[in-house]
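# Report on the structure
What follows is the residue order along each chain.
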Amino acid sequence: MSNFSPLGLNESLLNAIQDLGFETPSEVQEQCIPILLNQKTDLVALAQTGTGKTAAFGFPMIQLINTGNRITQGLILSPTRELCLQITNELKQYSKYEENLNVVAIYGGASITDQASKINRGAHIIVATPGRMKDMINRNIIDISQIQYCVLDEADEMLNMGFYEDITEILSYSPKAKSTWLFSATMPKEVSQIARKFMSQPVEITIGKKNVSTKNVTHSYYIVGARDRYNALKRLVDAHPDVFAVIFCRTKRDTQRIAEKLIEDGYNAAALHGDLSQNQRDLVMKSFRNKQVQMLVATDVAARGIDVDNITHVINYQLPDETEIYTHRSGRTGRAGKTGQSFVILTKSELRKIKAIEKVIGQQFTSEKLPTSEEICESQILYLAEKVKNTEVNHNIDFILPKILEKLSDFDKDELIKKFFSVEFSRFYDYYKQAPSLLQIEQTKGSEKSSSKKSHGEEHRYFINLGAKDGFTWMSLKDFLKAELNMGRDDIGKVDVMKTFSFFNTHKSKERQVLKAFENFEYNGRVVSVEITRESKESGTKNRRKPHKDKGSFSKKRGQKNQNRNKSLERRRRRG
Ligand code: ADP
Ligand code: MG
């Protein structure tokens, strides 16, 4: 008998669960499933990421849906497109033995027509991001007037991302008599407010502590130029010679690259990511556990469930895309009553993310300056002195001692100490003595204005006729541009999304790449146009004004648009 049978799940779900290889229900599943199956009630469940919340609401919802009826009965709102797809995928696996159960994903940045035709074919359960969902309800493509179950997944994150109004509007189209199930990793004020507003007498389930961040961890950030991340990382680890750290990167590629660079530079580092075989990953984890590896560079997915004690530092080489993930990263340190430090390396444009994270963790960050060369050298020397102090003498060298003493007999104690430390220490000293780029970090940090002006002068500001109406937020537009332009995250800056159009910056040298990528480009059946803005053309971005939202200035832009188009046609002809 399956460990899941006592929860009241039917045969087809139990079979799917067996195929998935789930052996025992997680705590949140154990507590939620029987209640949701048997009571018509609202519910608030708090549990950390990775505790199996999707199945906690997914299993009961699948079982409760009446597939004999084609209408939409369940709605799941989730904050991001990735989560939306992940949940849809999970639900499809859970329901593989259900006959004719349709689950449809609705999210921005993809064809609305395709999604509409899927809805037309029948959607018992819709998994959606709030922006696109609202849009499709307003266009009468989706009808949720008869749903019985509504899940607000990752509610804290949805509120962080500013979806409160969208959620309110979406729910206003749903019937009063339905069950609302809210799932969240943390319970900030906003989430309890939303629970009060949209639910009546919800059953409350809390797994673990309410706010998951450990107070044993201090959080600091370091602002650097986009190209100085790696040097900043080196400074941070050099200033903490006893570091035993997990360094988080956003992608597998960065993870591998940073680990390789660190190894090249003489550190005990290793990479942990999904492209390694299970065997390789086990080996890496083993060396990390027994401290042969001092720095583990990892992706979020690969680092899930790392339970190594005594990790002194978590270093966010890049911030995660989702605020909630930060909690899990920093939770790798400060365990078992120990204290830990979480460092974030970020560029100035990412600073706003810190506010969102502070809300989630309920703790403030301190803004710190990167350690100076002198500070690094000092901590390295003191660390060495400490090591010398604690070293047990190896008496195997006694036999050669007279000869050593004779060789060094001309020096007094102070001189000897200086000499010994110089042997070990010169590596750092020489490196930092001639580390010009790092001196720059320190200077530009203090004078953000001059540095940003400088970089603006080297950038073009572009206009693109895609905006919030097309379902974009600045983050999703940046991702979209990144993919279409084949650029890195730091290559695209200052993304400002307006209702029907947006602006972004890239380095001047990328002009051809940008304009070429969007030649004859269509998005959802609409011709996309991208142009360099007039301000950018005429005077760099020195007099960059905030774009006005009123129609007048938009039509002015249009005039400009045609002018630019003519220019670019001219350019093309000349080239051709
Ligand atoms: P959460 O939403 O709480 O962050 P998820 O629902 O995404 O967590 O689940 C995290 C991972 O754990 C998923 O890969 C999921 O397939 C797996 N999982 C969920 N429940 C179980 C279980 N009972 N046994 C084993 N794995 C599980
Ligand atoms: Mg989840």
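### So, the pattern of salt bridges
Applying the stated criterion across every chain yields a total of twelve salt bridges. Residue Lys134 is joined to Asp166 by a salt bridge in which the shortest nitrogen-to-oxygen separation is 3.1 Å. One end of the pair, Lys134, is in helix α6 (residues 130–138); the other, Asp166, is in helix α8 (residues 164–172), with 32 residues separating them in the sequence. Its salt-bridge partner being Arg257, residue Asp254 comes within 3.1 Å of it at the nearest N-O pair. Of the two residues, Asp254 and Arg257 are both situated in helix α11 (residues 252–264); the distance of three residues between them amounts to about one turn of the helix.

### Details of the sheet that holds strand β14 (residues 366–367)
Strands sit in the order β10-β11-β9-β12-β13-β8-β14 across an open sheet of seven strands; the sheet is parallel. Of all the strands in the sheet, the pair left with one neighbour each is β10 (269–272) and β14. Bridging between β10 and strand β11 (residues 295–298) involves four bridges; their strand directions are parallel. By the bridge assignment, Ala269 is partnered in β11 with Met295. Lying on the sheet, α11 is in contact with β9 (245–248), β10 and β11; it crosses β10 at an angle near 170 degrees.

### A few points about the side chain of Ser184
Examined against the element boundaries, Ser184 turns out to sit in strand β6 (residues 179–184). Since its relative accessible area comes to 0%, Ser184 is described here as buried. Among the polar contacts made by the side chain of Ser184, one reaches the side chain of Asp156 at a distance of 3.3 Å.

### Focus: helix α15 (residues 351–361)
Those residues of α15 that sit buried are Lys353, Ile354, Ile357, Glu358, Val360 and Ile361. Considered in projection along α15, the buried side chains sweep an arc of 160 degrees and stay on one side of the axis. Residues of α15 that are exposed and point more than 90 degrees away from the buried face comprise Lys355 and Lys359. Directly after α15, the chain includes Gly362, whose backbone phi takes a positive value near 65 degrees.

### Examining the confidence of the model for the protein
Mean pLDDT for the protein: 83, with 86% of residues reaching 70 or above. When the criterion is pLDDT under 50, residues 210–214 qualifies, and its contacts beyond four places in sequence or with other chains add up to 18 contacts. Note on residues 436–454: pLDDT under 50 across the span, and 20 contacts to partners over four residues away in sequence or across chains.

### Comments concerning the packing of helix α2 (residues 27–38) against helix α3 (residues 53–64)
Between two packed helices, both the angle of their axes relative to each other and the distance between the axes serve to describe the pair. Packing of α2 against α3 leaves a shortest axis separation of 8 Å and a crossing angle of 25 degrees. The angle between the axes of α2 and α3 places the two elements in the roughly parallel class. Viewed along their axes, α2 and α3 form a crossing whose handedness is right-handed. Judged by residue contacts, Val28, Gln29, Cys32, Ile33, Leu36 and Leu37 of α2 engage Lys53, Ala55, Ala56, Phe57, Phe59, Pro60, Gln63 and Leu64 from α3.

### Re the packing of aromatic side chains
What the rule picks out here adds up to 18 aromatic pairs. On the numbers, 5.4 Å between centres and 40 degrees between planes, the contact of Phe472 with Tyr523 is tilted. Taken together, the residues Phe472 in the loop between β15 (459–464) and α21 (474–485) and Tyr523 in strand β18 (residues 521–523) connect sequence positions 51 residues apart. Owing to a relative accessible area of 5%, Phe472 belongs among the buried residues under this scheme. Directly above the aromatic system of Tyr230 lies the positively charged group of Lys261, at a separation of 4.5 Å from the ring centroid. The positively charged end of Lys291 is found above the aromatic ring belonging to Phe244, 4.6 Å away from the centroid.

### Describing the nonpolar core
One finds Leu9 and Ile125 to be the most contacted residues of the largest nonpolar core, which totals 40 residues. With sequence-adjacent residues up to four places away left out, Ile125 is seen in contact with Met61, Ile62, Ile65, Gly74, Ile76, Leu91, Leu101, Asn102, Val103 and Val104. Residues Leu46, Ile106, Leu152 and Val191 belong to the second largest nonpolar core, which totals 34 residues.

### Notes on the site of ligand 1
In the neighbourhood of ligand 1, 15 residues make up the surrounding shell, with Thr24, Gln29, Gly50, Lys53 and Thr54 lying closest. Interatomic distance of 3.1 Å between a backbone N/O atom of Thr51 and an oxygen atom of ligand 1. Glu90 places a side-chain nitrogen or oxygen 3.3 Å from an oxygen atom of ligand 1. The protein chains hide 76% of the 570 Å² of surface that ligand 1 would expose on its own. Within the residue set of the shell around ligand 1, elements represented by two or more residues are α3 and α4 (81–94).

Rules and cut-offs
Residues numbered from 1 in each chain as written. Chains lettered and ligands numbered in written order. Predicted model: local features only at pLDDT ≥ 70, side-chain atom pairs only at ≥ 80, totals over all residues. Heavy atoms only, no water. Salt bridge = Lys/Arg side-chain N within 4 Å of Asp/Glu carboxyl O. Helix = DSSP H or I, 4+ residues; strand = E, 2+ residues; numbered from the N terminus. Pairing = 2+ DSSP bridges. Contact = heavy atoms within 4.5 Å. Axes fitted to C-alpha atoms, helices over the stretch in contact; angles between N-to-C directions. Buried < 20%, exposed > 50% of the residue type's maximum accessible area, 1.4 Å probe, protein only. Polar contact = N/O pair within 3.5 Å; in protein donor to acceptor, adjacent residues only side chain to side chain. Arc of directions from axis to C-beta. pLDDT = per-residue confidence, 0-100. Parallel < 35°, antiparallel > 145°, perpendicular 65-115°, else oblique. Left-handed = near helix turned anticlockwise from the far one by under 90°. Phe/Tyr/Trp six-rings, centres within 6.5 Å; stacked < 30°, edge-to-face > 60°. Lys NZ or Arg CZ within 6 Å of the ring centre and 35° of its normal. Core = buried A, V, L, I, M, F, W, Y, C linked by side-chain atoms within 4.5 Å. Near = heavy atom within 4 Å. Areas by Shrake-Rupley, 256 points an atom, 1.4 Å probe, with all protein chains shown as cover.

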